[in-house]
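Each chain, letter by letter, is given below.
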Amino acid sequence: MQIGKFGKLALAACVAGLLGSASVKAAEQALIDAAKKEGEVVWYSTLIVDQLVRPVAAAFEEKYGIPVQFSRTPAGELALKVQNEIRANSVQVDVFDANAAFFQVLPLDDLESYVPEAAAAYPADLKDPDGRYYSVNVFTMTTGINTELVAEDEYPKTYEDLLDPKWKGRMAWTTDLTPNGPPGFIGNILMTMGEEKGMEYLRALAKQDIAKIPASQRVVLDQVISGEYAIGLMIFNHHAVISADKGAPVTWLKIEPVVSTSNYAGIIKGAPHPNAAKLFLDFLLSDEGQNVFRDANYLPASPNVQAKVPDLKPADGGYTATVITNQLALEDLPKWSAVYKELFD
């Protein structure tokens, strides 16, 4: 049987495709083999150990047989820890994850550039264009409310509603000066209302005597649930869902635009297990790794993986969000923090 011109072209394309696929698989296997020879990967995380870190480590170990050594530290302290290791020329960590507070301390030059295959599916606002960090989970920062203290027909629907005198002294937020705390709220207001109107709004909000809780967003929500406050600002919406599922009198409100932030992962330059680090970062960004985040009630960053409750993510819930990228935080967080100290501290 003779093969025509177009048949030969199709056959050549098919062979090239098979060779390309074989080449990719060979590269993947070479990375796996090299990672196994290194024996382990060291992960410094800011996420909750029992809820997420252990399940991720277990899933990676089961897939590749490579142990994951991990420790948990708040983002700012984690950055100082890594910085000290670098200065001592004794880097212990391979992979980190952290929010924007980490990047306020550790220069981007201390991060290794690497582009996992799975990163191609991630939108530009969830990854560094130079391949130094990638979002592994996202946060939707919203308003939480005690459903026993506030009737449904009284729920605030807009930011202006928070200025109602009946909420004076009944709202609380964390003192966490990151995009997940008051500075993120302030940035959102200034970007959506504009500088002049936004500052006017914030001065009026400051007169509402918002309680400052020197603890995490989770603690703020717990105090709302216990009835100490009617409203919590800048709480994680998935925390409200988890608590409501357990019977707590709480819900979250879609006051638009909400604030969307990220938790990022990357490889430290000079990592002692560079191949295991790449393989682990590959896993974190893969659909398989992102499913572990979903199952742990975190909001996966990958657009391929929905949250366990889909409408916790703005794109799936049909509401708007102001996305505070790491780059935006690096540029404007000091300014938003200064406004907080001037008006609310």
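Here is what the cut-offs are and how they apply
Residues numbered from 1 in each chain as written. Predicted model: local features only at pLDDT ≥ 70, side-chain atom pairs only at ≥ 80, totals over all residues. Heavy atoms only, no water. Helix = DSSP H or I, 4+ residues; strand = E, 2+ residues; numbered from the N terminus. Buried < 20%, exposed > 50% of the residue type's maximum accessible area, 1.4 Å probe, protein only. Contact = heavy atoms within 4.5 Å. Areas by Shrake-Rupley, 256 points an atom, 1.4 Å probe, with all protein chains shown as cover. Lys, Arg positive; Asp, Glu negative; His and termini not counted. Charge placed at Lys NZ, Arg CZ, Asp CG, Glu CD. Expected span 1.5 Å × (residues − 1). Pairing = 2+ DSSP bridges. Domains from an automatic or database assignment. Buried area = accessible area lost by both parts, 1.4 Å probe. Salt bridge = Lys/Arg side-chain N within 4 Å of Asp/Glu carboxyl O. Axes fitted to C-alpha atoms, helices over the stretch in contact; angles between N-to-C directions. Left-handed = near helix turned anticlockwise from the far one by under 90°. Nonpolar A, V, L, I, M, F, W, Y, C, P; charged D, E, K, R; others polar. Polar contact = N/O pair within 3.5 Å; in protein donor to acceptor, adjacent residues only side chain to side chain.

Undergrad: What am I meant to see in the overall build of the protein chain here?
TA: Helix and strand counts for the protein chain come out as 12 helices and 12 strands. In terms of principal-axis extent, the alpha carbons of the protein chain reach across some 85 × 55 × 40 Å. Every one of the 345 residues in the protein chain was classed for burial, and the buried ones make up 51%. Intrachain contacts of the protein chain at a sequence separation of at least 6 include 75% that bridge at least 24 residues. Put simply, the protein chain shows about 15500 Å² of open surface, and 52% of that area lies on carbon and sulfur atoms. Across the protein chain, 30 positive and 44 negative side-chain charges occur, with their mean positions spaced 3 Å apart.

Undergrad: Before we go on, may I ask you to explain helix H5 (residues 182-193) in this structure?
TA: Quick reminder: α-helices carry 3.6 residues per turn. Residues three or four places apart thus point the same way. For H5, with 12 residues, the first-to-last C-alpha span of 16 Å sits near the 16 Å given by 1.5 Å per residue. With respect to burial, H5 is a largely interior element, 10 of its 12 residues being buried. Pro182, Pro183, Gly184, Phe185, Ile186, Gly187, Asn188, Ile189, Leu190 and Met193 are the residues of H5 that are buried. On its buried face, H5 sits against strand E6 (171-174), helix H6 (195-206), strand E8 (231-236), strand E10 (258-268), strand E12 (321-323) and helix H12 (326-343). Of the residues trailing H5, glycine 194 is marked for its positive phi of about 90 degrees.

Undergrad: How do you make sense of the pairing of strand E5 (residues 134-146) when you look at a structure like this?
TA: Look at any regular strand and the pattern is simple: side chains alternate between the two faces of the sheet. In terms of burial, E5 is largely enclosed, as 13 of its 13 residues are buried. Direction of pairing for E5 relative to E10: antiparallel, over a ladder of seven bridges. Within E10, the residue paired with serine 135 across the bridge is tyrosine 264. Here E5 pairs with strand E11 (residues 299-300) via two bridges, running antiparallel.

Undergrad: Hey, could you run me through the domain arrangement of the protein chain in this one?
TA: Many descriptions give the size of an interface as the accessible area lost when the pieces come together. What the domain assignment lists for the protein chain is domain 1 (20-138 + 262-310) and domain 2 (139-260 + 317-344). Taking the mean C-alpha position of each, domain 1 and domain 2 sit 29 Å from one another. Listed by partner, the interface residues are 18 residues for domain 1 and 19 residues for domain 2. In total, domain 1 and domain 2 occlude about 1400 Å² of area from one another, counting both sides; carbon and sulfur atoms represent 59% of this. Linking domain 1 with domain 2 are zero salt bridges.

Undergrad: I'm lost on the side chain of glutamine 223 in this one. Help?
TA: The topology assignment puts glutamine 223 in helix H7 (residues 217-225). Note on glutamine 223: relative accessible area 18%, which makes it buried. What glutamine 223 contacts, discounting residues up to four positions off in sequence, is Ile213, Glu228 and Tyr229.

Undergrad: Looking at this model, I keep getting lost on the packing of helix H2 (residues 49-64) against helix H9 (residues 274-285). Mind explaining?
TA: The relative placement of two packed helices comes down to the angle between their axes together with the axis-to-axis distance. Where H2 meets H9, the axes come as close as 11 Å, and the angle between the chain directions of the two elements is 115 degrees. The element H2 and its partner H9 pack so that their crossing is right-handed. Contacts between H2 and H9 involve Val56, Ala59, Phe60, Lys63 and Tyr64 from the first element and Leu279, Phe280, Phe283 and Leu284 from the second. Residue composition of the contact of H2 with H9, by class: eight nonpolar, no polar and one charged.

Undergrad: I keep staring at the environment of glutamine 51 and nothing clicks. Help me out?
TA: As for its placement among the helices and strands, glutamine 51 is situated in helix H2. Glutamine 51 sits 244 residues away from aspartate 295 along the chain, and the two C-alpha atoms are 9.4 Å apart. Within the structure, glutamine 51 has its side chain in polar contact with the backbone oxygen of alanine 296 (distance 2.7 Å).

Undergrad: Which parts of the structure should I look at to understand unusual backbone geometry?
TA: Leave glycine aside and you will find that most residues have negative phi; peptide bonds, for their part, are mostly trans. Note the cis peptide between glutamate 256 and proline 257, where omega equals -10 degrees. In this fold, proline 257 is placed in the loop between strand E9 (250-253) and E10. For asparagine 89, which is not glycine, the phi dihedral falls at a positive 55 degrees. With phi around 70 degrees, asparagine 297 is a residue other than glycine that occupies positive phi space. Checked against the element boundaries, asparagine 297 lands in the loop between helix H10 (287-295) and E11.

Undergrad: Looking at this structure, how should I read the environment of valine 93?
TA: Structurally, the position occupied by valine 93 is in the loop between helix H3 (75-87) and strand E3 (95-98). For valine 93 and alanine 248, which are 155 residues apart along the polypeptide, the C-alpha to C-alpha distance reads 39 Å. If sequence neighbours within four positions are ignored, valine 93 has contacts with Val42, Tyr44, Val82, Glu85, Ile268, Ala271 and Pro272.

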